[in-house]
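Topology and contacts: notes
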Amino acid sequence: MVYRFLLLMFWVPVFSVASGAVVALAATGQTIFYPTDCAQRGAEIVNTFNSSSLSHATGAEYPQILFQTKLPSLPYTPYQYPNDNKGMISFVQSLTQTTHNTLLIVTYINQRFSSRPQYIVLPVEQFMDLVYVPTRYNQPSNSTSFSSNFTGGVYPYFSVDPKQRAADIVSAVNQLKTSSSFQRTALTQIWIQTNLSGPFNPQIPNGLLKNITAISVDNSLIRIDYFPPYFQQTQTVVVTPEQVEQVLFIYNYNTPNG
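Residues numbered from 1 in each chain as written. Predicted model: local features only at pLDDT ≥ 70, side-chain atom pairs only at ≥ 80, totals over all residues. Heavy atoms only, no water.

**Looking at the pairing of strand 12 (residues 212-218)**
We count it as follows: Two strands qualify as a pair provided that DSSP identifies no fewer than 2 bridges between them. Put simply, DSSP marks the helices as runs of H or I at least four residues long and the strands as runs of E at least two long, and each gets a number from the N terminus on.
As paired elements, strand 12 and strand 13 (residues 221-226) share six bridges and run antiparallel to each other. The partner of D218 across the bridge, within strand 13, is L221. Here strand 12 folds back onto strand 13 in antiparallel fashion, the turn holding two residues, of which N219 has a positive phi close to 60°.

Now the structure itself:
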């Protein structure tokens, strides 16, 4: 059974009962917007995942919960094989909340490495479906993905408070760096993918900030301290939340694949 996270806020035209007209939820020629608050939706996703009626096994076992996301594919580390998973996160183990829940840290299991959990920081607006799979025989095919095609004139959109998102980015990074909920080694690092470009010295190739040593927030501005490879001192950059594209958990900083 597929549980879709769609906030239904209908405008329903009023018809006379005697008219025999069909009540349309999205009338032709009209535009309907479905505003969704990311913080509220994030809390709802966590509550649904933790529901006692959707208990799931640990590891790569059944029953399982999987997420369909809008990501074209998942980032992978040396402990994962790249695959065309079409944005599907299987065997979700837990969700870790951030300060305002506009970001959630998803702990999941890759079937090839069932003993080692993987972590991905996922914006709430990237969640599409929560899928409960009771047995192996109900496992959906990975040749396609779940989708939701909206009726013409219906436009769902997410409202993101930049202060909340900035605080959640900081919360996610600090938890990945320090919380006992996440497995780390002496070589583990946190990287942040940004959309920055320009004549930085030292350079920031492809906007990727490697080895985050500290992070803090001032309203909607994020200060990031990082120690780039082959450099002798910590560097600092200040970014806005919309300039942060991805938070990456790197087990072994020497050999990330993507």
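**Concerning a nonpolar patch on the surface**
Note the threshold: A patch is a set of surface residues, each over 30% in relative accessible area and not in a salt bridge, joined within 9 Å for like charges and within 5 Å for the nonpolar side chains Val, Leu, Ile, Met, Phe, Trp and Tyr. For the accessible areas, the method is Shrake-Rupley and the probe is 1.4 Å, while residue cover comes only from the protein chains on display. The term salt bridge refers to a side-chain nitrogen of Lys or Arg lying within 4 Å of a carboxyl oxygen of Asp or Glu.
On the surface, a cluster of nonpolar side chains totalling about 340 Å² of accessible area is made up of F33, Y155 and Y157. Tracing the backbone shows F33 in strand 2 (residues 32-37).

**Quick look at the confidence of the model for the protein chain**
Basically, it comes down to this: Predictor confidence is given residue by residue as pLDDT, running from a minimum of 0 to a maximum of 100. In what follows, residue pairs with any heavy atoms lying within 4.5 Å of each other are defined as contacts.
With 80% of its residues at a pLDDT of 70 or more, the protein chain shows a mean pLDDT of 82. Looking at the elements of the protein chain, mean pLDDT is at its lowest for strand 1 (residues 2-4), recorded as 37, and at its highest for strand 13, recorded as 98. With pLDDT under 50 throughout, residues 1-22 is counted as low confidence; its partners more than four residues away or in other chains account for 43 contacts.

**Quick word on the nonpolar core**
The cut-off we apply is this: Think of a nonpolar core as a cluster: buried Ala, Val, Leu, Ile, Met, Phe, Trp, Tyr and Cys residues, connected wherever their side-chain atoms sit within 4.5 Å. The buried label applies to any residue whose accessible area, calculated with a 1.4 Å probe on protein chains only, is under 20% of its type's maximum; exposed applies above 50%, and partly exposed to all values in between.
The biggest cluster of nonpolar side chains holds 27 residues, and the ones touching the most others in it are L176, I192, I212, I215, I222 and I224. Counting residues per element, the ones that place at least two in this core are strand 6 (103-110), strand 7 (113-123), helix 2 (162-178), strand 10 (189-194), strand 12, strand 13, strand 14 (235-239) and strand 15 (244-250). In terms of residue count, helix 2 provides more of this core than any other element does, six residues in total. V46, I65, I89 and F127 belong to the second largest nonpolar core, which has 19 residues in total.

**Focus: unusual backbone geometry**
The phi angle of most residues is negative, glycine excepted, and most peptide bonds adopt the trans form. The residue after Y62, namely P63, is reached through a cis peptide bond having omega 0°. Inspection of the secondary structure assignment puts P63 in the loop between helix 1 (38-49) and strand 3 (64-69). The residue after N201, namely P202, is reached through a cis peptide bond having omega 5°. Mapped onto the elements, P202 comes out in the loop between strand 10 and strand 11 (208-209). Phi is positive for N206, which is not a glycine, with a value near 60°.

**Focus: the sheet that holds strand 15**
Either a parallel or an antiparallel arrangement is found when strands of a sheet pair, and the pairing is made through backbone hydrogen bonds. Spatially, the three strands line up as an open sheet ordered 11-10-15, and their pairing is antiparallel. The sheet terminates laterally at strand 11 and strand 15, the two strands that pair on one side only. As paired strands, strand 10 and strand 15 are joined by six bridges and run antiparallel to one another. Within strand 15, the position partnered with I190 by the bridge is F249.

**Some thoughts on the side chain of Q235**
We apply this condition: For this analysis, a polar contact is any N or O atom pair within 3.5 Å, provided that within protein one partner can donate a hydrogen and the other can accept it, and provided that sequence-adjacent residues contribute only side-chain to side-chain pairs.
Within the secondary structure layout, Q235 lies in strand 14. Separated by 3.4 Å, the side chain of Q235 and the backbone oxygen of Q233 make a polar contact. Residues in contact with Q235, not counting those within four places in the same chain, are N201, P202, I224, D225, Y226 and P228.

**Points about the pattern of salt bridges**
Taken as a whole, this structure holds three salt bridges when the rule is applied. One salt bridge connects E44 with R41, and the closest N-O pair in it is separated by 3.3 Å. Of the two residues, E44 and R41 are both situated in helix 1; the distance of three residues between them amounts to about one turn of the helix. A relative accessible area of 5% means that R41 is categorised as buried. Note that E125 and R165 form a salt bridge whose closest N and O atoms lie 3.0 Å from each other. With E125 in the loop between strand 7 and strand 8 (127-133) and R165 in helix 2, the pair connects residues that are 40 residues apart, well separated along the chain. Looking at E125, the relative accessible area reads 19%, which means it is buried.

**What about helix 2?**
Here is the rule we go by: An expected span of 1.5 Å times one less than the residue number is assigned to each helix.
Over its 17 residues, helix 2 runs 24 Å from end to end, which matches the ideal 24 Å to within 8%, given 1.5 Å per residue. Those residues of helix 2 that fall on the buried side of the exposure criterion are R165, A166, A167, D168, I169, V170, S171, A172, V173 and L176. Of the residues flanking the start of helix 2, the one acting as N-cap is D161, its side-chain oxygen 2.8 Å from the backbone nitrogen of K163.

**Regarding the pairing of strand 6**
Across the eight residues of strand 6, eight count as buried, placing the element largely inside the fold. Covered by surrounding structure in strand 6 are L103, I105, T107 and I109 together with L104, V106, Y108 and N110, the residues of both alternating faces. Here strand 5 (residues 92-97) pairs with strand 6 via five bridges, running antiparallel. By the bridge assignment for strand 6, L95 is matched with V106. Hairpin connection between strand 5 and strand 6: a loop of five residues separates the two successive antiparallel strands, and N101 in this loop has a positive phi of roughly 70°.

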